[in-house]
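Observations on chain architecture
Single-letter residue listing:
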Amino acid sequence: MFSITVRDHIMIAHSFRGEVFGPARRLHGATFLVDATFRREQLDQDGIVVDIGLATRELGAVTAELNYRNLDEEPEFAGVNTSTEFLAKVIADRLAERVHRGALGEGARGLAGITVTLHESHIAWASYERAL
């Protein structure tokens, strides 16, 4: 399996519901390093996984929708704990939509999957992997 990874970051604010979250139940900020890995079985006719410039652009467009937002105030996240794991899925699903719309080029239609990893710090991160 071949892969390429592109990177961006987001800064958000949010809070959590549930005793398990302790002090994180209060409103707090988080900065995530975001890695999006695109995978395919065989390289395309140009010898690449996907156009790295288009992948970078589309990841940036997706992260821009979340960056500098208080997720507690976003209607689409009402009643949801916007955990690192949950946000990795949101980003992966939004990237998948862009692949299906052709925003990453026709060659991207041959991608097998996407993994999005959100790094909370240098010692903790979470990922979501999905097929395309």
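Scroll up to find the structure this text is about.
Since we're looking at a predicted model, the values are computed, not measured.

So, on to the overall build of the protein. What the protein contains, in helices and strands, is two helices and five strands. Secondary structure elements in the protein, listed N-terminal to C-terminal, are β-β-α-β-α-β-β. Projected onto its principal axes, the C-alpha coordinates of the protein cover approximately 50 × 30 × 20 Å. Counting the 132 residues in the protein, one finds 42% classified as buried. Counted over contacts in the protein with a minimum sequence separation of 6, partners at least 24 positions apart contribute 68%.

Glancing now at the pairing of strand β1 (residues 2-14). One ladder, built from 13 bridges, connects β1 with strand β2 (residues 28-40); its direction is antiparallel. The partner of Asp-8 across the bridge, within β2, is Val-34. In this sheet, strand β3 (residues 69-70) lies alongside β1 in parallel orientation, the contact comprising two bridges. When the bridges of β3 are listed, Ile-12 appears paired with Arg-69.

The next point concerns unusual backbone geometry. Even without being a glycine, Tyr-68 presents a positive backbone phi close to 60°. With respect to the helices, strands and loops of the structure, Tyr-68 is situated in the loop between α1 (52-64) and β3. Overall, Tyr-68 belongs to the exposed group, its relative accessible area being 64%.

This part takes up helix α2 (residues 84-101). Its 18 residues give α2 an end-to-end C-alpha distance of 26 Å, which sits within 8% of 26 Å, the value for a rise of 1.5 Å per residue. Among all positions of α2, only Thr-84, Leu-87, Ala-88, Val-90, Ile-91, Ala-92, Asp-93, Arg-94, Leu-95, Ala-96, Arg-98 and Val-99 are buried. Where α2 is buried, its residues meet β1, β2, α1, β4 (113-119) and β5 (125-131). One or two positions beyond α2, positive phi appears at Gly-102, with a value near 90°.

Definitions and cut-offs
Residues numbered from 1 in each chain as written. Predicted model: local features only at pLDDT ≥ 70, side-chain atom pairs only at ≥ 80, totals over all residues. Heavy atoms only, no water. Helix = DSSP H or I, 4+ residues; strand = E, 2+ residues; numbered from the N terminus. Buried < 20%, exposed > 50% of the residue type's maximum accessible area, 1.4 Å probe, protein only. Contact = heavy atoms within 4.5 Å. Pairing = 2+ DSSP bridges. Expected span 1.5 Å × (residues − 1).

Purely spatial values, then, with no claim about function.
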